[in-house]
Amino acid sequence: MNRIALVMSVLFCFQIAQKPLLSQVTAPPFTITLEEVTYSDWPGIHSFALGEWDGRWLIMTGRTGGLHGFLPPTPFPIIDANKQIHLFDPETGDYLSANMFTLPESVQDQLQSTNAQFFQRGKYLYIIGGYGHQQATDSMVTYPSLLAVDLEMMSNLIDANESVAPAIRSLADTLFEVSGGEIGLIGDTIYLFGGHIFAGEYSKPAGPQFYQKYTDALKKFTLTDDGETISIQDISVIKDTTVFHRRDLNFEQILLPGEEEALAAFSGVFQYEADWVWFSPVYVTSDGYSEDEAFYQKLNHYTCPVMSIYDSVSQNYYATLFGGIGQYYYDEDDDTIKQDLNVPFVNDISTIIKYADGSTEQYPQPIQFDALLGSNAEFILNNSIPHYNNRVIKLHDINGSVLAGYIYGGIDALIPNFTPSTASNRLFKVWINYTAPVAIQNVSINDISIYPNPVSGEIIISNSSLKNIEQIQIINQLGETMPLLQAKCMAGSSITIDVSVFAPGLYIVKMFGEDNVLTKQLIKL
């Protein structure tokens, strides 16, 4: 990030130069390109809830001003609350909106909240909690309720310029009293991670005019909805005052080796001792949770757009984070990362790589936003790109330059710290550039075998096809090609390769024909 000199400094800013970063981390097997396609008449908005129906986006809740204030009396001005339900078409730019003043007052209030949690299942968008102004008490509260939005019905009502009231239902329960948490799904089970309950007017330093309590919880439940009645079942609240003491994080649906669905909590704020971020990710599976203290996340610590990718060949998972806020930033001038304890806005884009062997690295992408963007924006998946049921992109099923999705909205900050800011209306297409290995022409995968697999000593590569294998490469999880004494296998022959000195883990064996490549996995014990 190219830093801009600050005119004033209220906090102590401590910067530490680190070792060169790019030279230490293996690049992902894909590259990313951003293409701006902003429509000038779209409104700026951040911290919103979003649902998709029939190629269009419905956006509600959130704020239309910049970053909140830090001093009373109105750090969250009511005028900046989003009071519209927006209907966008990202391909044509068509834009419609509806007001919410035909709705019951309690529903109006929650639809004007910020930092609500949300998820979509089928044609229903579910909005949970959020922090905002309650008209009945003229106070700022965290809402203990869930809203169910029928996206199909709401789209039709907005198109017809009719009241959206029939498309929204609500369910009250203190389980939903959360703001700044995140939601993910594993199968039919809903996981609500972290967040806090906040009431009153925010200030920094803290004052008696507000109440704040972190949930320190992972809340699990299932939800049944027949279109009329909503109910929740199988409720479980797991408390952990260290691991779950986070808000404003990224909580992503991921895949682990073997295509196991899981969830990952990346970073978030704040630590007990100071207003610093959390650095260790937390992984949640259907069997429990664990903190990965071996990995120290240094970039993109606050809620921001995240693109998830899984490679079924290497069994590596990739989470690309776009901008936001971070306690560290990447300095492209000297290829280092530096720390700023003010936790500034950043324009960095990075990819967290979780390897099949359990290790993790973070790679700063060579592209950045052209401004301090990304905080409380959203990544919206292109539904046409191959992806798993949990919305993770299938890297092995794409080839060439493919539209992965869009980034919309968020906060646009002028300078990193203590800065004026606005709500962004900028829209970007996110392209993945990936060249997939192509199988050797006219050779069946069954004609070439590798055994034993798993292996501790020697492997045999047997080529029963009529085509020569001109070159063989064995690649480890760091992308390094291992040295081999023999690297060819003629048609109708076999060769033996000693892998006893290789470290245990997953390897990729690439076998090159005249023009193309056959790829297989090898497990070293």
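Residues numbered from 1 in each chain as written. Predicted model: local features only at pLDDT ≥ 70, side-chain atom pairs only at ≥ 80, totals over all residues. Heavy atoms only, no water.

**Some words on the overall build of the protein chain**
Okay, so step 1: Each helix and strand in the protein chain was counted, giving 2 helices and 40 strands.
Okay, so step 2: In terms of overall dimensions, the protein chain is globule-like: its C-alpha atoms have a radius of gyration of 25 Å, near the 24 Å expected for 525 residues.
Okay, so step 3: Its C-alpha atoms give the protein chain principal-axis dimensions of roughly 80 × 55 × 45 Å.
Okay, so step 4: Looking at the 525 residues of the protein chain, the share that counts as buried comes to 56%. (Helix = DSSP H or I, 4+ residues; strand = E, 2+ residues; numbered from the N terminus. Rg over C-alpha atoms; globule rule 2.2 N^0.38 Å. Buried < 20%, exposed > 50% of the residue type's maximum accessible area, 1.4 Å probe, protein only.)

**Brief notes about the pairing of strand β2 (residues 49-53)**
Okay, so step 1: The element β2 is largely enclosed, with a buried count of 4 among its 5 residues.
Okay, so step 2: Following β2, the chain reverses through 2 residues before pairing antiparallel with strand β3 (residues 56-60); D54 in that reversal takes a positive phi of roughly 55°. (Pairing = 2+ DSSP bridges.)

**Here we look at the nonpolar core**
Okay, so step 1: Counting residues in hydrophobic clusters, the biggest one holds 37 residues, and the most contacted among them are W57, M60, I85, L111, I127, M154 and Y408.
Okay, so step 2: For this core, the secondary structure elements donating two or more residues are β2, β3, β4 (84-88), α1 (105-111), β7 (124-128), β10 (145-150), α2 (151-159) and β31 (400-408).
Okay, so step 3: Counting 28 residues, the second-largest nonpolar core is a separate cluster that includes M307, I398, F428 and I432. (Core = buried A, V, L, I, M, F, W, Y, C linked by side-chain atoms within 4.5 Å.)

**Some points on the pattern of salt bridges**
Okay, so step 1: Under the criterion given, the structure shown has 11 salt bridges.
Okay, so step 2: With its nearest N and O atoms 2.7 Å apart, the salt bridge here joins R56 to D159. Separated by 103 residues along the polypeptide, R56 in strand β3 and D159 in helix α2 bring together distant segments of the chain.
Okay, so step 3: When its relative accessible area of 41% is taken as the criterion, D159 is described as partly exposed.
Okay, so step 4: Salt-bridge contacts for D334 lead to K338; the nearest nitrogen and oxygen are separated by 3.1 Å.
Okay, so step 5: For K338, a relative accessible area of 13% gives the class buried.
Okay, so step 6: Each member of the salt-bridge network shares a partner with another, and the members are E36, D370 and R426. (Salt bridge = Lys/Arg side-chain N within 4 Å of Asp/Glu carboxyl O.)

**Remarks on the sheet that holds β4**
Okay, so step 1: Here we have 4 strands laid out as an open sheet, ordered β2-β3-β4-β5, and antiparallel in their pairing. The sheet is open, and its two edges are formed by β2 and β5 (95-99), each paired on a single side. Strand after strand, the sheet turns through a mean of 20° between neighbouring axes, direction not considered.
Okay, so step 2: Set on the sheet, α2 makes contact with β2, β3, β4 and β5; between it and β3 the angle comes to about 90°. (Axes fitted to C-alpha atoms, helices over the stretch in contact; angles between N-to-C directions. Contact = heavy atoms within 4.5 Å.)

**A few points about α2**
Think of an α-helix as turning once every 3.6 residues; residues three or four places apart then point the same way.
Okay, so step 1: All buried positions along α2 are accounted for by L151, M154, S155, L157 and I158. Buried residues of α2 fall within an arc of 165° about the axis and therefore sit on the same side.
Okay, so step 2: With a side-chain oxygen positioned 3.2 Å from the backbone nitrogen of E152, the residue opening α2 is D150.
Okay, so step 3: Downstream of α2 by one or two residues, N161 has phi in the positive range, about 60°. (Arc of directions from axis to C-beta. Polar contact = N/O pair within 3.5 Å; in protein donor to acceptor, adjacent residues only side chain to side chain.)

**Quick notes on unusual backbone geometry**
Okay, so step 1: A cis geometry characterises the amide bond from P72 onward to P73, with omega recorded as 10°.
Okay, so step 2: When you line up the elements, P73 lands in the loop between β3 and β4.
Okay, so step 3: The peptide bond linking Y451 to P452 adopts the cis configuration, its omega dihedral lying at -10°.
Okay, so step 4: Inspection of the secondary structure assignment puts P452 in the loop between β35 (448-451) and β36 (458-463).

**Topic: the sheet that holds strand β13 (residues 189-193)**
Okay, so step 1: Spatial strand order, β12-β13-β16-β17: 4 strands in an open sheet with antiparallel pairing. Pairing within the sheet leaves two strands with one partner each, and these edge strands are β12 (182-186) and β17 (230-239). Taken over all neighbouring pairs, the strand axes of this sheet differ in orientation by 25° on average, direction set aside.
Okay, so step 2: Where β12 lies against β13, 5 bridges are found, and the strand directions are antiparallel. Bridge assignment links I186 to a residue of β13, and that residue is T189.

**Quick word on the side chain of S267**
Okay, so step 1: When you line up the elements, S267 lands in the loop between β19 (260-266) and β20 (282-285).
Okay, so step 2: Take S267: its relative accessible area is 0%, and that puts it in the buried class.
Okay, so step 3: Side-chain polar atoms of S267 contact the backbone oxygen of W278, separated by 2.7 Å.
Okay, so step 4: Within the local environment of S267, its side chain forms a polar contact with the backbone oxygen of H301, the two atoms lying 3.3 Å apart.
Okay, so step 5: Contacts of S267, omitting those with residues within four sequence positions, involve R246, L249, V277, W278, Q297 and H301.

**Brief notes about the packing of aromatic side chains**
Okay, so step 1: One pass over the structure, following the stated rule, counts 29 aromatic pairs.
Okay, so step 2: Ring centres 6.5 Å apart and planes at 45° place the aromatic pair W57 and Y408 in the tilted group. Linking W57 in strand β3 with Y408 in strand β31, this pair joins segments that are 351 residues apart in sequence.
Okay, so step 3: For Y408, a relative accessible area of 0% translates into the label buried.
Okay, so step 4: Residues Y202 and F210 carry aromatic rings whose centres are separated by 6.1 Å and whose planes lie at 25° to one another, so their mutual orientation is stacked.
Okay, so step 5: Over the ring of Y283 we find K354, and its NZ or CZ is 4.2 Å from the ring centre.
Okay, so step 6: For the cation-ring pair, K394 lies above Y388, with the distance from its terminal atom to the ring centre recorded as 5.0 Å. (Phe/Tyr/Trp six-rings, centres within 6.5 Å; stacked < 30°, edge-to-face > 60°. Lys NZ or Arg CZ within 6 Å of the ring centre and 35° of its normal.)

**Description of the confidence of the model for the protein chain**
It should be kept in mind that the predicted coordinates are not to be read in detail where pLDDT is low.
Okay, so step 1: Looking at the protein chain, the pLDDT average stands at 91 and 93% of residues meet or exceed 70.
Okay, so step 2: Every residue in residues 1-20 scores below 50 in pLDDT, and together they form 54 contacts with partners more than four places removed in sequence or on other chains.
Okay, so step 3: Predicted confidence for residues 439-443 stays below pLDDT 50, and this span has 16 contacts to residues more than four positions away or in other chains. (pLDDT = per-residue confidence, 0-100.)

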